[in-house]
Amino acid sequence: MAHTRAKILVTKRVFPEAIAFLEQRYEVDYVATDEGLSSDQLSQRVRGVQAIVSQLTDKFNAGLIDTLDGVKVISNVAVGFDNIDIAAATQKGIFATNTPDVLTETTADFAFSLLMAAARRVVEGHQFVHSGQWKQWTIDLLAGQDIFGQTLGIFGMGRIGQAVARRGRGFSMRLIYHDAQRAPAELEKELGLEFVSKDELLRSADFVSLHVPLLESTRKLIGAPELAMMKPSAILVNTARGPVVDEAALARALAQGQIASAGLDVFEREPEVHPGLLHLRNVVLAPHIASASVETRRKMSMMAAENAAAALEGRRPPNLINSALWR
Ligand code: GLV
């Protein structure tokens, strides 16, 4: 009897290795575009599939998840999974998986790039030279802020927060952090971390870098009251998720010089950026590319394919989020 192959939907373009891997095993419905699917298209296209390789632009809310009869896994090509209602997936018995670890160092590199670019005004310098404004060397031309020896405040001491702390150590920075859960004493010791309250972090840090997941408890973690607590010389870096920062409040704070500068990779309504941020001199903007090294994005694509394959073959997906489903 002919063996029917499981059907898998890949909602958006990924690295070709992942598709080749999946096509050897399954019937693949590959949406090989950069636009991916609208929510209406997604809700149609998921019908009759057993697995979905999704991206952070695909919203799996409870309503959509409830229609996913026969789906074994939603395999997200991202470490963050705020686009998937995990409780609803668990309720429906659907595995949800992500791509941690492979992007930790790449993302930390980029957070540090934004920190340095903002502190040392790299983008302003580029624009200045490029637009022909450079006429003479002057003593305070595009003078910025020191990084070496300053205080780095990290919200979220998970994998990426730790990788950023390691980079800060290389710059002889004082490292303070806040997290809902304090890190183990050995880790604090190894990295030279000081655990502080949220308010103390905001008041003392020269640089505030965000490495928390987006949860109800971290939504607008940085809003007007928090920005008001920060030093006027402080620089905010966000490579976590846009809604962790109140973008309108940040645009106001930057325009008024309440804080010095910001480096932002993520936004509340991507790909839209708050218009108040677009014309500021003291902000460095990037289009959600913190994990975007070629090698890391290739690994993330493969990891998502392997997570989906494990679920379809009755194995525990290596990066299972809702682990209560595996007994
Ligand atoms: C990207 O934002 C990710 O969560 O991997």
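Fair warning: this is a prediction, and the values are worked out from it, not measured in the lab.

K.L.:
What am I meant to see in the packing of aromatic side chains here?
P.N.:
Any pair of aromatic rings gets described here by the distance separating the centres and the angle formed by the planes. Taken as a whole and judged by the stated rule, the model has three aromatic pairs. Their ring planes at 45° and their centres at 6.1 Å tell us that phenylalanine 95 and tryptophan 326 sit as a pair that is tilted. One end of the pair, phenylalanine 95, is in strand E5 (residues 95-97); the other, tryptophan 326, is in the segment after helix H13 (294-312), and 231 residues separate them in sequence. For phenylalanine 95, a relative accessible area of 12% translates into the label buried. Between phenylalanine 112 and phenylalanine 171 the ring centres are 5.0 Å apart and the planes differ by 40°, which places this aromatic pair in the tilted class. Residue phenylalanine 112 is found in helix H5 (residues 104-119), and its partner phenylalanine 171 is found in the loop between helix H7 (159-170) and strand E7 (174-178); the two are separated by 59 residues along the sequence. Directly above the aromatic system of phenylalanine 21 lies the positively charged group of arginine 25, at a separation of 3.8 Å from the ring centroid.

K.L.:
What is the right way to read the sheet that holds strand E8 (residues 193-195) from this model?
P.N.:
What links the strands of a sheet is backbone hydrogen bonding, and the strands pair in either a parallel or an antiparallel sense. Reading across the sheet, the seven strands line up as E8-E7-E6-E9-E10-E11-E12 and stay open at both edges, with parallel pairing between neighbours. If you trace the sheet from one side to the other, it starts and ends with E8 and strand E12 (283-285), each paired once. Within the sheet, the average angular offset between the axes of one strand and its neighbour, ignoring direction, is 20°. Where strand E6 (residues 151-155) and E7 come together, five bridges link them in parallel fashion.

K.L.:
Sorry if this is basic, but what is going on with the domain arrangement of the protein chain here?
P.N.:
Think of interface size as the accessible area that goes away when the parts come together; that is how it is often given. The domain architecture assigned to the protein chain consists of domain 1 (2-101 + 294-325) and domain 2 (104-285). A C-alpha centroid distance of 32 Å is found between domain 1 and domain 2. Taken together, the contact between domain 1 and domain 2 spans eight residues of the former and five residues of the latter. For the pair domain 1 and domain 2, the summed buried area comes to about 590 Å², and 43% of that belongs to carbon and sulfur atoms. A per-residue breakdown of the area domain 1 buries against domain 2 is headed by Asp82, Asp101 and Thr296, which together make up 64% of the total. The tally of links from domain 1 across to domain 2 stands at one salt bridge. Residues aspartate 82 and arginine 241 are paired through a salt bridge, measuring 2.8 Å at the closest nitrogen-oxygen approach. The tally of links between domain 1 and domain 2 comes to three residue pairs in polar contact (both at pLDDT 80 or more). Along the lines of polarity and charge, the residues of the side of domain 1 that touches domain 2 split into four nonpolar, two polar and two charged.

K.L.:
Which parts of the structure should I look at to understand the site of the ligand?
P.N.:
Every residue close to the ligand is listed here: Leu56, Ala78, Val79, Gly80, Leu103, Arg241, His288 and Met300. Arginine 241 places a side-chain nitrogen or oxygen 2.7 Å from an oxygen atom of the ligand. Histidine 288 is positioned such that a nitrogen or oxygen atom in its side chain is 2.6 Å from an oxygen atom of the ligand. Here the ligand, which alone exposes 200 Å², has 90% of that area covered by the protein. Among the residues forming the shell around the ligand, the class breakdown is five nonpolar, two polar and one charged.

Thresholds applied
- Residues numbered from 1 in each chain as written.
- Predicted model: local features only at pLDDT ≥ 70, side-chain atom pairs only at ≥ 80, totals over all residues.
- Heavy atoms only, no water.
- Phe/Tyr/Trp six-rings, centres within 6.5 Å; stacked < 30°, edge-to-face > 60°.
- Helix = DSSP H or I, 4+ residues; strand = E, 2+ residues; numbered from the N terminus.
- Buried < 20%, exposed > 50% of the residue type's maximum accessible area, 1.4 Å probe, protein only.
- Lys NZ or Arg CZ within 6 Å of the ring centre and 35° of its normal.
- Pairing = 2+ DSSP bridges.
- Axes fitted to C-alpha atoms, helices over the stretch in contact; angles between N-to-C directions.
- Domains from an automatic or database assignment.
- Contact = heavy atoms within 4.5 Å.
- Buried area = accessible area lost by both parts, 1.4 Å probe.
- Salt bridge = Lys/Arg side-chain N within 4 Å of Asp/Glu carboxyl O.
- Polar contact = N/O pair within 3.5 Å; in protein donor to acceptor, adjacent residues only side chain to side chain.
- Nonpolar A, V, L, I, M, F, W, Y, C, P; charged D, E, K, R; others polar.
- Near = heavy atom within 4 Å.
- Areas by Shrake-Rupley, 256 points an atom, 1.4 Å probe, with all protein chains shown as cover.

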